[in-house]
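Letter by letter, the chains look like this.
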Amino acid sequence: MHVLLAIFLVLLASPALGQEDELPSILISRQLAALEGIEVGQTVRLGSDPDGSGARPFRVAGVYEPVPDPARLGMVPREIRLHLPDLLALTRGPDEPAGTEHVETINIALVEGDDARAFARDVNARVPGVAARPTEEAAGAAGTFSVLQRFHLAIAIVTIMAATIFLLALTIMLVDERRETVGILRLIGLPVRRILVQVLVEGLLIAAAGCVFGLALAVASESLINAFFQWRYDTALVFVRITPALAARCFAIAVPLGAAATVVASWALLRRNALRLARR
Amino acid sequence: MNALAFAWLKLVRQPARASLGVLGVAAVGALLLDMLLLSEGLVTSMRDLLDRTGFDIRVTATADLPGSGPRIPAATATAAALAALPPVRSAIAVRFADAQAGDPSETPLAFHGISGGPGRPWTVLRGRDADRPGEVVVSESVAATLGLEPGAPLVVRAACSAAADAPPPAMLTVAGVAAFPFDTRDEGLVAGSLATLDEACGGADADEADLILVTSAQETDAAAAAIRSIRPDLHAATNEQMIARFRESGFTYFRQISAVLSAVTITFALLLITVLLTVSVNQRLGEIAALRALGLSRRRVVSDVLCESSLIVGLGGLLSLPLGLLLAAWLDGILKAMPGIPSTLHFFVFDPDALVLHLLLLVATAVMAAMYPMLIVARLPIAATLRNEVVS
């Protein structure tokens, strides 16, 4: 069993010892290894006092990538994982007998996950001195990210509104350019509905093409944005992910919106007299 | 007729497209303004909040943010030693703990225990201050949620992280209802003396503090230097230095996201205005060639296009200001629902510098968007265009 060790432990790297195989092993986060120049197989001394007294040697068994934690964005995870008995031995007070130490948290996986709240209530009632909480209550960060999701949705709504307005302005100009063509089509006998269907199909095709281009641009920029933020925060977190569901949602919004803008812009033109349109 | 009046007439002649162009710029401009306000809003608001508490130096055991690092031992004596320094007016040790109301609602609470003084990091609204052991003041939200008034009993289960066992529920008395600068929507606040909190924690880690709040007598930097000189093991940070720490940790995401969205928004606006103007110019090539043939100079027709762009962006930009402030209020409401955010903290704060930057960016957008259509107009062959117009 491993636990996280806070970074204020004293860390002194030293050359490998002869009896290193007998030393307790630890894992070191990639960021801490890079910061302190520690390599696998090296021996380090860890202590819980800032002055380094009582430090003990440990063998670095490996370097690990910490699980990306969105709640700790911006904090470089300088972490060490020890076996729990090693950590307790390291932090135990001189007058504290072995076996009387405490741990902050015990994580429990239930057979039936739905019973978490009832289980926590049961533990609180039966075991005095312990406070049990379901993970969903303990993980306050989940609320943060649902709020961020709502924030990004609001930004997306405003962007779509702005894009729709511009789209309408553009389609009005483009439709206006074809006023004469539409007039002639009307004069040679094509009914308004037929022209409207043609405009709708044209709008759908243009909107679909635009949407595909937009998605291609998003996919292309996905790795760039992720690379930038992963570099900026030194994390393996994924910031942008274009999923099929997301692409489908974009398509479902953009294509009808584009087609509707074309039809709305054309409607005013089609209601006019054919002779006036053709005689421009 | 000057170029601006001529451009205005051209816009008025096609009200639908002109209105849509202006509205589009207004929407994009509003978003841009909000992103500029967001980039520094949280920092500005936090600085204001820190300044309003009346304490200008925060002392912690490490450079970590208060509550996230190790505690200061012997807090009462340390606060007293700091308060005795000539450049220091007062020092208060503060310890934070999570807690739950002992009733069936199990309302989550933040329990603050303080030692030293004078001065308290809260303002009593009703009742009196928690002067005696076992007394606390509660925030308005706690009073409302639990139906508490001064004199009412309150049972609290403190969850002190370093304690070996969860302590038994503490029986406390509500001395008053207070306003806390860092009160949050999701977690009510309870505060009392450090001894009261230590007792609620079952005596675990007694007389330890997460931070010591210091008010300097005159010069903040001199007081911070004096604290560092007698306690080099502690970290004394002025409000500005605290803001710098926040910048490095919690606030970077919003600055980055606002930078990215500002860049995307301005590019979006630039592209769309360029397309609008280019299509508009292409539709009027014959008209422009005729005006040139009538004697209007190249500079004059080019400035017409620039004025048209400026009018669309200018009017849209003006509209974007009230629209942006409304949008900022909406987005601020969304973000303030985030857990642990003080009610008085704002993500979008009006800043004159942001407004100036907004205007500069819009001016640059108007000029850049007009570049390509201006080039088309400047290079327009008059005779060939007129001939094409007649033949077609």
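For the structure itself, look to the data block above.
Residues numbered from 1 in each chain as written. Chains lettered and ligands numbered in written order. Predicted model: local features only at pLDDT ≥ 70, side-chain atom pairs only at ≥ 80, totals over all residues. Heavy atoms only, no water.

1. Brief notes about the overall build of chain B
In terms of helices and strands, chain B carries 12 helices and 10 strands. Taking 21 Å as the expected radius of gyration for a compact globule of 392 residues, we find that chain B reaches 31 Å, considerably beyond that expectation. Within the span of chain B, comprising 392 residues, buried residues form 51% of the whole. Excluding contacts between residues fewer than 6 apart, the proportion of contacts in chain B whose partners are at least 24 apart in sequence is 81%. Carbon and sulfur atoms provide 64% of the accessible area of chain B, an area that totals close to 16800 Å². Counting 28 positive and 36 negative side-chain charges, chain B places the averaged centre of each group 16 Å from the other. (Helix = DSSP H or I, 4+ residues; strand = E, 2+ residues; numbered from the N terminus. Rg over C-alpha atoms; globule rule 2.2 N^0.38 Å. Buried < 20%, exposed > 50% of the residue type's maximum accessible area, 1.4 Å probe, protein only. Contact = heavy atoms within 4.5 Å. Areas by Shrake-Rupley, 256 points an atom, 1.4 Å probe, with all protein chains shown as cover. Lys, Arg positive; Asp, Glu negative; His and termini not counted. Charge placed at Lys NZ, Arg CZ, Asp CG, Glu CD.)

2. Some points on the interface of chain B and chain A
The partner chain A presents 35 residues to the 45 residues of chain B that form the contact. Of the roughly 3700 Å² buried at the junction of chain B and chain A (both faces included), carbon and sulfur atoms supply 77%. If you look at where chain B meets chain A, you find 0 salt bridges. Remark: the boundary between chain B and chain A carries 0 residue pairs in polar contact (both at pLDDT 80 or more). (Buried area = accessible area lost by both parts, 1.4 Å probe. Salt bridge = Lys/Arg side-chain N within 4 Å of Asp/Glu carboxyl O. Polar contact = N/O pair within 3.5 Å; in protein donor to acceptor, adjacent residues only side chain to side chain.)

3. Some thoughts on helix 11 (residues 352-378) of chain B
Every α-helix winds through 3.6 residues per turn, so residues three or four apart in the chain are directed the same way. All names here are of chain B. Across its 27 residues, helix 11 extends 38 Å between first and last C-alpha, which sits within 8% of the 39 Å expected from 1.5 Å per residue. The largest bend along helix 11 measures about 40° and falls at methionine 371, with the proline proline 373 one to four residues further on. Those residues of helix 11 that are buried are in contact with helix 2 (15-52), helix 8 (252-283), helix 9 (285-293) and helix 10 (298-335). (Expected span 1.5 Å × (residues − 1). Bend = angle between axes of the 7 residues up to and from the residue.)

4. Considerations on a nonpolar patch on the surface
Residue and element names in this part refer to chain B. On the surface, Met1, Trp8, Leu9, Val12, Leu315 and Leu318 cluster together into a nonpolar patch covering about 610 Å² of accessible area. Sorting the residues of the nonpolar patch by element identifies helix 1 (3-13) and helix 10 as the ones contributing at least two each. Here the nonpolar patch gets 3 residues from one element, more than from any other, and that element is helix 1. Topologically, valine 12 is positioned in helix 1. On the accessibility criterion, valine 12 (43% relative accessible area) is partly exposed. (Patch = residues over 30% accessible without salt bridge, like charges linked within 9 Å, V, L, I, M, F, W, Y side chains within 5 Å.)

5. Re the packing of helix 7 (residues 192-233) of chain A against helix 8 of chain B
Two elements in contact, helix 7 of chain A and helix 8 of chain B, have axes separated by 12 Å at closest approach and are oriented at 150°. Accordingly, the angle class assigned to the pair helix 7 of chain A and helix 8 of chain B is roughly antiparallel. In terms of crossing hand, the pair formed by helix 7 of chain A and helix 8 of chain B is right-handed. Contacts between helix 7 of chain A and helix 8 of chain B involve Phe228(A), Phe229(A), Arg232(A) and Tyr233(A) from the first element and Thr252(B), Tyr253(B), Gln256(B) and Val260(B) from the second. Split into classes, the residues belonging to the contact of helix 7 of chain A with helix 8 of chain B amount to 5 nonpolar, 2 polar and 1 charged. (Axes fitted to C-alpha atoms, helices over the stretch in contact; angles between N-to-C directions. Parallel < 35°, antiparallel > 145°, perpendicular 65-115°, else oblique. Left-handed = near helix turned anticlockwise from the far one by under 90°. Nonpolar A, V, L, I, M, F, W, Y, C, P; charged D, E, K, R; others polar.)

6. Section: the packing of aromatic side chains
On inspection of all chains with the given rule, the structure shows 4 aromatic pairs over all chains. The interplanar angle of 55° and the centroid separation of 5.7 Å between the aromatic rings of Trp122(B) and Phe180(B) together place this pair among those described as tilted. Taken together, the residues span a long stretch of sequence, with Trp122(B) in the loop between strand 3 (108-117) and strand 4 (123-127) and Phe180(B) in the loop between strand 7 (170-179) and strand 8 (188-193) at a distance of 58 residues. Neither Trp122(B) nor Phe180(B) differs from the other in exposure class; each is buried. Taken together, Phe228(A), Phe229(A), Trp231(A) and Phe239(A) form an aromatic cluster joined through their ring pairs. A cation sits over an aromatic face here: Arg300(B) above Phe6(B), 5.7 Å from the ring centre. (Phe/Tyr/Trp six-rings, centres within 6.5 Å; stacked < 30°, edge-to-face > 60°. Lys NZ or Arg CZ within 6 Å of the ring centre and 35° of its normal.)

7. Brief notes about the pairing of strand 8 of chain B
Residues and elements named next belong to chain B. With 5 of 6 residues buried, strand 8 lies mostly within the body of the structure. Bridge count for strand 5 (residues 135-139) against strand 8 is 3 bridges, and the pairing is antiparallel. Of the residues in strand 8, the one forming a bridge with valine 138 is valine 190. (Pairing = 2+ DSSP bridges.)

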